[in-house]
Amino acid sequence: MESVIALFNSFVHDWPNLSLFIGLILLPLLPLIISVAMYVWWERKVIGWMHVRMGPNQVGPLGLAQAFADVFKLLFKEITIPEKASTFLFYLAPLIALVPAMAAWAVVPIGEKLAWSNANAGLLYLLAMTSLGVYGIVLAGWASNSKYAFLGAMRAAAQVVSYEIAMGMAIVSVLILAGSLNLSDVVQAQAGSKGFLEWFWLPLLPMFVIYFISGVAETNRAPFDVTEGESEIVAGFHVEYSGSAFAIFFLAEYANMILVSFLSSILFLGGWLSPLQGLGLGVLSAPGWWWLFAKAFVMAFLFLWFRATFPRYRYDQIMRLGWKVFIPITIAWIFVAGCLAYFGGVTIGPGGNP
Amino acid sequence: MTQQVLFYFFATVLVAAALAVITVRNSVHAALSLVLTFFTAAGIWILAEAEFLGLALIVVYVGAVMVLFLFVVMMLDIKPESMREGFIRFLPVGVIVALVMLAEMLSLIGVKALQAQALPENPALAAGSNTAWLGKALYTEFLLPFEIAALILTVALIAAVALTLRKRSGVRTQKPGEQVLVQRNERLRVVKMASEGGKGESA
């Protein structure tokens, strides 16, 4: 008993230290939430322009405050629970969707010595976190006690599990070339003297495409948004959600999209490295977080472009693409990456000098 | 100290969740408790600096296996009443199986415990990253068992597909290859025609 009290006392004693850590952990979340709000605004603007509309332009300058207005509207709305729904899981589901979407940011490096956790198994951690997000969707669909929501949840489960394999394989090919699970090392392995030709998108071009498309499928975005599929199942898994519970699903989805944009920039587009690295152009060749953000912005724009361009895939077409096209290509290209690594087609490991 | 607190926290949650798996009535809740069990077990492993194993547990079991499990459990329409019906009838069998398992585990762990000796230095820690150490060990020392395990899994996979694959005649399935190869002029004909200029229509 005394040892338990001593344990507890030491825990309380450690508390100031711990709370500092917790504050540091929470630090990146505020910019993330604000960038989600801005991303929503940018999406509505871009899709508006692509549809030859104005997009939001009433609230604030250029409609910039539209997203915040929407958030406050959602926060003040009532949350309704369907009859005979599983109340506990109904409330838990949005949180389960949100937590992995935010936890994944812990290992994302935004600069050479800038990451909240420079974990050695960073990539594996990311795979683990992104694979957890589907529980939020599945539970939301089941707990809602609604046919449409349930159909959406079933679709989400099958789709996410299928595309996770292709995504994992694409990451494996990056690992082969980088020789490390550490995300900072992955970026360092893409350093060299030939500018953007040193990055992994070139030797792993099919994997880059597959990774990004799997990321779109994994976040349930158009054209893979059959889990929502408003023309078939109303709004899919979140049809019964309203108010702030719906807002949390929304936040999780957009945070995941931004995460996939950052990850594809880090894994395949050289992270914080300059596209003109090694050419001796002063600031233009210097690495910096701004390069990472610019690349992620372009990738995030692709999400919106896809949504405005492509019609929704049919469900069986999604399954066919995942299992019969992507997975065989990834398996073949892992072999190619192995040959490249073995016969010295690319430099392996961090800080490889050409 | 924090580590110890965390360990006891994880251990408590783990045991409670594992108990919930076998006591909860609702099968979906049971499956979710199993997810929590795996997750906390992964937490304990990471606490013990086996980060690769812990994360692999989450990726494989929580991220893939349990999602499919949940997928199936949710679709089953299990009535709790019908589950309790045969309880007395199956009780003797259950008790015998439990006793046999208990005896086996006691003999295994007991015999091991009698010959217990101090563990050698953890080779994973000596190598720096235990991911790298695990990879080297798997692909050098244990290559043959590893390959055999892979082979067994592949056989199971093919067997599962073969069991469910049924060829039925008279079923019209899509052939995506042919769909892609279709030319425009096979499906579409553009007809030029003069305006008919109906009475009520304005130009």
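Definitions and limits used
- Residues numbered from 1 in each chain as written.
- Chains lettered and ligands numbered in written order.
- Predicted model: local features only at pLDDT ≥ 70, side-chain atom pairs only at ≥ 80, totals over all residues.
- Heavy atoms only, no water.
- Helix = DSSP H or I, 4+ residues; strand = E, 2+ residues; numbered from the N terminus.
- Buried < 20%, exposed > 50% of the residue type's maximum accessible area, 1.4 Å probe, protein only.
- Contact = heavy atoms within 4.5 Å.
- Areas by Shrake-Rupley, 256 points an atom, 1.4 Å probe, with all protein chains shown as cover.
- Axes fitted to C-alpha atoms, helices over the stretch in contact; angles between N-to-C directions.
- Parallel < 35°, antiparallel > 145°, perpendicular 65-115°, else oblique.
- Left-handed = near helix turned anticlockwise from the far one by under 90°.
- Nonpolar A, V, L, I, M, F, W, Y, C, P; charged D, E, K, R; others polar.
- 1 Å grid on protein atoms, 1.4 Å probe; cavity = no way out; pocket = protein on both sides within 12 Å on 5 of 7 lines; lining within 4 Å.
- Points joined across faces, edges and corners; volume = space filled by probe spheres on them.
- Core = buried A, V, L, I, M, F, W, Y, C linked by side-chain atoms within 4.5 Å.
- UniProt positions renumbered as here; feature names shortened; annotations may be inferred.
- Expected span 1.5 Å × (residues − 1).
- Bend = angle between axes of the 7 residues up to and from the residue.

Participant: What's the story with the overall build of chain B in this structure? I'm lost.
Facilitator: Secondary structure summary: chain B contains ten helices and zero strands in total. Overall, chain B shows an N-to-C arrangement of helices and strands of α-α-α-α-α-α-α-α-α-α. Put simply, chain B has 203 residues, and 17% of those count as buried. For chain B, restricting intrachain contacts to residue pairs at least 6 apart in sequence, the fraction spanning at least 24 positions comes to 54%. Carbon and sulfur atoms provide 68% of the accessible area of chain B, an area that totals close to 16,500 Å².

Participant: What's the story with the packing of helix α11 (residues 243–268) of chain A against helix α12 (residues 289–309) of chain A in this structure? I'm lost.
Facilitator: The geometry of a pair of packed helices is captured by two quantities: the angle between their axes and the separation between those axes. Residue and element names in this part refer to chain A. Two elements in contact, α11 and α12, have axes separated by 8 Å at closest approach and are oriented at 125°. Relative to α12, α11 is oriented oblique. Viewed along their axes, α11 and α12 form a crossing whose handedness is right-handed. In this structure, α11 contributes Tyr 254, Met 257, Val 260, Ser 261, Phe 262, Ser 264, Ser 265 and Ile 266 to the contact, and α12 contributes Leu 292, Phe 293, Lys 295, Ala 296, Met 299, Ala 300, Phe 303 and Arg 307. A per-class count over the contact of α11 with α12 returns eleven nonpolar, three polar and two charged.

Participant: How should I be thinking about empty space enclosed by the protein in this particular structure?
Facilitator: A probe matching the size of a water molecule, rolled over the atoms, marks out where space remains unfilled. Residues and elements named next belong to chain A. This structure, assessed with the given rule, holds one cavity of 30 Å³ or more. Counted as a void, the largest cavity has a volume near 50 Å³. Along its surface, the largest cavity is lined by Leu 126, Leu 127, Thr 130, Met 167, Ile 171, Tyr 211 and Leu 263. Elements that contribute at least two residues to the lining of the largest cavity include exactly α6 (122–143) and α7 (147–178). When residues in the lining of the largest cavity are grouped by element, the largest group, three residues, is from α6. Taken together, the residues of the lining of the largest cavity break down into six nonpolar, one polar and no charged.

Participant: Whenever I open this one, the nonpolar core confuses me. Can you help?
Facilitator: Most often, soluble globular proteins keep nonpolar side chains buried together rather than apart. Residues and elements named next belong to chain A. Counting 117 residues, the largest nonpolar core has Phe 200, Leu 267 and Phe 268 as the members making the most contacts within it. At 16 residues, the largest contribution of residues to this core is made by α6. Non-local contacts of Phe 268, meaning those with residues more than four positions away in its chain, are made with Ala 170, Val 174, Gln 190, Trp 199, Phe 200, Trp 201, Leu 204, Met 207, Phe 208 and Tyr 211.

Participant: Explanation requested: the environment of Phe 142 of chain B in the structure shown.
Facilitator: Residue and element names in this part refer to chain B. Position of Phe 142 relative to the elements: it lies in the loop between α7 (130–139) and α8 (143–164). In this structure Phe 142 comes out as partly exposed when scored by relative accessible area, which is 43%. Between the C-alpha atoms of Phe 142 and Gly 63, which are 79 residues apart in sequence, the distance is 26 Å.

Participant: Quick question: what am I supposed to make of the UniProt feature "transmembrane region" (unreviewed entry) in chain B here?
Facilitator: Mapped onto the present numbering, the UniProt feature "transmembrane region" (unreviewed entry) falls on residues 6–24, 31–48, 54–78, 90–111 and 142–165 of chain B. A distance of 26 Å separates the end C-alpha atoms of residues 6–24 of chain B, which is 95% helix and 0% strand.

Participant: Where do I start with helix α13 (residues 315–343) of chain A in this structure?
Facilitator: Within an α-helix, residues lying three or four positions from one another point in the same direction, as the helix has 3.6 residues per turn. Residues and elements named next belong to chain A. Between the first and last C-alpha of α13 there are 41 Å, a value that for 29 residues agrees with the 42 Å anticipated at 1.5 Å per step. At Phe 326, α13 shows its maximal kink, close to 30°; a proline, Pro 328, follows between one and four residues later. Every buried residue of α13 is listed here: Ile 318, Met 319, Leu 321, Gly 322, Phe 326, Ile 327, Thr 330, Ile 334 and Ala 337. Considering only its buried residues, α13 is in contact with α7 and α9 (205–218).

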